[in-house]
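Here's the letter readout for the chains.
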Amino acid sequence: MAVAVEAEQLVKRFTGRSGTVDAVRGVDLQVAEGEVFGFLGPNGAGKSTTVRMLTTLMTITSGSARVAGVDVTADPDAARRGIGVALQEAGLDPRQTGRELLILQARLFSFSASGAAERAEQLLELVDLVDAADRRIKGYSGGMKRRLDLASALVHQPQVLFLDEPTTGLDPASRLTVWDEMRRINAEGTTVFLTTQYLEEADQLCNRLAIIDDGLIVREGTPAELKAELRQRQSLDRDPTLDEVFLDATGRTRARVAGQVQEVL
Amino acid sequence: MTKFLALSRRGIVELLRAPESLFPAVFIPLFFFVVNVGQAGKIFPSGTPFLDGQPYAAFQLPAAILLAASFGSAALYLVEDIEGGYFDKLRATPVSRTAIVLGRLTAEAAKVAAIAAVLVLASLPFGVSIASGPLGLFLLLLLAASWAVVFSGFIQLIALKSRSAAATQSGSLVFFPLLFLTPNFVPRNLLTRPMEVAATFNPVTYILEALRSLILDDLAWATIGRGFAVVAVAGIAMVALNVRTIRSYD
């Protein structure tokens, strides 16, 4: 099995005036090529921090990470060539048009001027933004911005696509569009590393999941394996939901989670 | 190089799409220029020895240009990029961190060169001429643009460290004491002793004097060279500090 993402004893420690915080406390991960891997956890559990370390956006305190076969600390530029990143905030420049943004992104990945224009056109068609391509991004809706962000992460046909809560704040229709895109991208061979707080999303899309809590991985497996393990351990007479797996893994009650994880009702 | 040019182009387009941000950078220096010349023009008629036959407006023009170069909007756009997540998008690309820093600063330099040209044109009705000729005018615009790189680099550093628009904006106020601790109303040798000492230690003095010599004198290479040396050293330091900050940015 070829490995697309690998982390060993990944640690991130923040030191500030108010003291030291260990946001990630020794994460081990392996994501196989071609998988859709779900990374779940409550707010503040260390999901985004882990993703930022894996995508070269944050320094690693200790441990190591390899993405697309490259050590992210030793050769960050080579790692960047192999990954696409769409973070929690759709990272877009509101003063550019959609087309300009994609062309610039392609130029930054060493496309020629004509190659960049061609790739931008392909991606605009792919995410259904041709009509809005020459409008400034500040006028785009949330769903359009999210699709454009996704397109910009795909400019260089990355081996691994990191999506950090890509559907947060989207209406149900836009969310389904993003899901379809994710499935299509994965079907073309791209490994998808997805962080989400929507457990239904993880259940629908992911081949395998890891749940992180307080900076440590507390569960890992396929959705079916995780449910079966809980059913057996608690001697349930039915298959539990992924919500129940999540609550069990993070030691939270429904009442406690209500304020933290909007989707767990 | 292509990536650097692509980022510079983006910076210039960004400035052109927010023309309202250019207004204070033109209007406020012009306002101070007119007011200062109006207040002190009679005290220093064109026969005053340090004016070399030019009106006092020629002596005031460099201060207006330096002030214009210190309205760096690049850093505020950077804060917007940071807050909106686009800065992370750029950092996740295989682009040299120097190109990311210089892309914006080059756009800022181009903006200041254009504004300096407008200020020179605006000074012509006051009887100002560029004594060093076309080459001198080119050097004047180049020096103003280079100073913009230094100053915007400094403000950009505040933006990277603070990630706050308020802190970034107040950082730009640092320039005002620096500008007033220069020989901006009279030459250095006519300042009081404490002010002369302060001006001598203030690097902005040498840029102001270089700009002034390009307007009042023929090409005085020693003075011009000191001005360019100051911006070169400060510019290298600012770019290096920016690149280092982006490399360790979490």
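## Notes on helix α4 (residues 113-126) of chain A
All names here are of chain A.
Part 1 of the reasoning: Between its first and last C-alpha atoms α4 spans 20 Å; for 14 residues at 1.5 Å apiece the expected length is 20 Å, and the two agree.
Part 2 of the reasoning: Here α4 has its buried residues at Ala116, Arg119, Ala120, Leu123 and Leu124. For α4, the buried positions fall inside an angular range of 135° around the axis, keeping them on one side. For α4, the exposed residues set more than 90 degrees away from the buried face come down to Ser114, Gln122 and Glu125.
Part 3 of the reasoning: Check the buried side of α4 and you find it contacts α3 (98-108) and α5 (142-154).
Part 4 of the reasoning: Downstream of α4 by a residue or two, Asp128 has a phi angle that is positive, lying close to 60°.

## Structural notes on the sheet that holds strand β2 (residues 19-32) of chain A
Residues and elements named next belong to chain A.
Part 1 of the reasoning: Across the sheet, 4 strands lie side by side as β2-β1-β4-β5; this open sheet has antiparallel pairing. In this open sheet, the two strands that pair with only one neighbour each are β2 and β5 (70-71).
Part 2 of the reasoning: When strand β1 (residues 3-16) meets β2, the two strands line up antiparallel, connected through 11 bridges. By the bridge assignment for β2, Leu10 is matched with Val27.
Part 3 of the reasoning: Lying on the sheet, helix α1 (residues 47-54) is in contact with β1, β2 and β4 (62-67); it crosses β1 at an angle near 115°.

## Points about unusual backbone geometry
Part 1 of the reasoning: Notably, Gln157 of chain A is not glycine yet its phi reads approximately 50°, a positive angle.
Part 2 of the reasoning: Following the sequence through the fold, Gln157 of chain A ends up in the loop between α5 and β7 (160-164).
Part 3 of the reasoning: A tally of 13 C-beta atoms within 10 Å means that Gln157 of chain A is categorised as partly exposed.
Part 4 of the reasoning: In this structure, Asp52 of chain B takes a positive phi of about 50° despite not being glycine.
Part 5 of the reasoning: Summarising the element assignment, Asp52 of chain B is placed in the loop between α2 (22-40) and α3 (56-68).
Part 6 of the reasoning: The exposure class assigned to Asp52 of chain B is partly exposed, which follows from the 15 C-beta atoms found within 10 Å.

Cut-off values and rules
Residues numbered from 1 in each chain as written. Chains lettered and ligands numbered in written order. Predicted model: local features only at pLDDT ≥ 70, side-chain atom pairs only at ≥ 80, totals over all residues. Helix = DSSP H or I, 4+ residues; strand = E, 2+ residues; numbered from the N terminus. Expected span 1.5 Å × (residues − 1). Buried ≥ 20, exposed ≤ 12 C-beta atoms within 10 Å, placed from the backbone. Arc of directions from axis to C-beta. Contact = placed C-beta atoms within 7 Å. Pairing = 2+ DSSP bridges. Axes fitted to C-alpha atoms, helices over the stretch in contact; angles between N-to-C directions.

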